[in-house]
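Descriptive structure summary
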Amino acid sequence: MPDFVKLNDSDYCVDFVCVPGEPDSLKCILFDMSSLWLQQLPLAAVVERENKRNPICNYTEALIRSTLLAEKAASYTLDPTSHKENPRTLTIKYYIADTPVTFEFTLKPATAEELSECVILPLWRTVLLLDAKNRALAEQLAQKDIEIEQYRAEGAELKRTTVQTAKFDRQAFDENFPVRLPPANGLDVHRILEGHAQRENLTKALQMVILPSVGHTSGNPSSSGKAIKRSPTSKWGVKKSLKKKWKHQRVDVLCTKIKFPNLPDNPLNSSLSMAERFRMRESDDDD
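Report follows, based on the coordinates. Quick caveat, the model's predicted, so the values are computed rather than measured. (Residues numbered from 1 in each chain as written. Predicted model: local features only at pLDDT ≥ 70, side-chain atom pairs only at ≥ 80, totals over all residues. Heavy atoms only, no water.)

Next up on the list: the nonpolar core. Grouped together as the largest cluster of nonpolar side chains are 27 residues, with contacts concentrated most on L68, L90, I92, F103 and F105. The set of elements that each furnish at least two residues to this core consists of β1 (3–7), β2 (10–19), β3 (22–31), α1 (43–53), α2 (61–67), β5 (75–78), β6 (88–96) and β7 (99–109). When residues in this core are grouped by element, the largest group, four residues, is from β7. With residues near it in sequence (within four places) discarded, F103 still touches E50, R53, Y59, L63, I64, T67, L68, L90, T91, I92 and Y94. Counting residues in each nonpolar core, the second largest holds six residues, with I29, F31, L36 and V119 among its members. (Core = buried A, V, L, I, M, F, W, Y, C linked by side-chain atoms within 4.5 Å. Buried < 20%, exposed > 50% of the residue type's maximum accessible area, 1.4 Å probe, protein only. Helix = DSSP H or I, 4+ residues; strand = E, 2+ residues; numbered from the N terminus. Contact = heavy atoms within 4.5 Å.)

The following block contains the structure:
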């Protein structure tokens, strides 16, 4: 777990990572903005060494993964007598159920290749990633301004003026941003990133993966950019096509046949019409 701490009146970055391609190996990294120290060991070797150094505790790989690789330590101690060019002893302390648990690493000075792999390349990749996100967000803000202007041109009006924003100005945003960089005494990274060709070359050199952009579509069918042909409606909100269909549809409610239940006491009722039943009833009354 990465942490930025002050040790012996100096600022250090401490990190513990699994080695890419070797998930069962652990690398301890110590960096003070100018020099790098590290130690790489298999997890099994760390467990064996710590159990010998501190037999009171039961060190396991699960303990290492839940502490060094998952949480920041309670404290760090760096041997003050060791010189930068010599191996340095770093002690890391955790508290598990109010019980102190310590780890100890003997870090050796890193080579130029290790410094590049652990610090320089990750920093360059992060800078390029943040720069790409910044440019994408600025472009999206510009597109939103165009969209808002189109709404206004079509008659839209914002009632709540408290949420109204000014048009995004990229140059003014960069000039008025509250964070300032100190004068560059080396590579001018900002100017390097200004050129499109330079950014592409850096991306290839750093082996970064550029995924193909996919247009975002929402649930609204009109988001695809194609005009939608809608059916015309009347002033009552009814589609004219349905209204026309209803006009030609025969609605004959009065002529619908009404079925009466059969009377069990007269078997002829099932086949007699209503008029015949009335005539039979009248003849019965005359009798």
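Back to the text.
Further remarks concern the sheet that holds strand β4 (residues 36–42). Taken in spatial order, the seven strands make up an open sheet running β1-β2-β3-β4-β7-β6-β5, and their pairing is antiparallel. Of all strands in the sheet, those bounded by a partner on one side alone are β1 and β5. Each strand axis lies, on average, 30 degrees off the axis of its neighbour in the sheet, ignoring direction. As judged from the seven bridges shared by β3 and β4, these two strands associate in the antiparallel manner. Bridge pairing in β4 links C28 to Q39. Where helix α3 (residues 112–153) meets the sheet, its contacts fall on β3, β4 and β7, and the angle it forms with β4 comes to roughly 90 degrees. (Pairing = 2+ DSSP bridges. Axes fitted to C-alpha atoms, helices over the stretch in contact; angles between N-to-C directions.)

Turning our eyes to something else, we now look at the pattern of salt bridges. For the structure shown, the criterion picks out 11 salt bridges. Residues K159 and E157 are paired through a salt bridge, measuring 3.9 Å at the closest nitrogen-oxygen approach. Across the pair, E157 and K159 agree in class, each one exposed. In the salt-bridge network here, residues are joined through shared partners; they are R49, E50 and R53. (Salt bridge = Lys/Arg side-chain N within 4 Å of Asp/Glu carboxyl O.)

This part is about the layout of surface pockets. Taken as a whole, the largest pocket holds about 1300 Å³ of empty space. Along the wall of the largest pocket there are 25 residues; nearest its centre are V127, L181, V189, H190 and L193. Grouping the amino acids of the lining of the largest pocket by side-chain chemistry returns 15 nonpolar, three polar and seven charged. (1 Å grid on protein atoms, 1.4 Å probe; cavity = no way out; pocket = protein on both sides within 12 Å on 5 of 7 lines; lining within 4 Å. Points joined across faces, edges and corners; volume = space filled by probe spheres on them. Nonpolar A, V, L, I, M, F, W, Y, C, P; charged D, E, K, R; others polar.)

With their axes 10 Å apart at the nearest point, α3 and helix α6 (residues 196–205) run at an angle of 135 degrees to one another. It follows that α3 is oblique to α6 by the angle criterion. Handedness of the crossing formed by α3 with α6: left-handed. Only R199, L202 and T203 of α6 make contact with α3, whose side of the interface consists of W124, L128, D131 and R135. When the residues that make up the contact of α3 with α6 are grouped by side-chain class, the tally is three nonpolar, one polar and three charged. (Parallel < 35°, antiparallel > 145°, perpendicular 65-115°, else oblique. Left-handed = near helix turned anticlockwise from the far one by under 90°.)

So, on to the pairing of β2. Relative to β2, β1 runs antiparallel, the two sharing five bridges. When the bridges of β2 are listed, D3 appears paired with V14. Linking β1 back to β2 in an antiparallel pair, the connection comprises two residues, with N8 at a positive phi of about 55 degrees. Where β2 and β3 come together, seven bridges link them in antiparallel fashion. Note that in β3 the partner of V14 across the bridge is L30. Taking the residues that link successive antiparallel strands as the turn, the β2-β3 hairpin has two residues, and the phi of G21 there is positive, at about 85 degrees.

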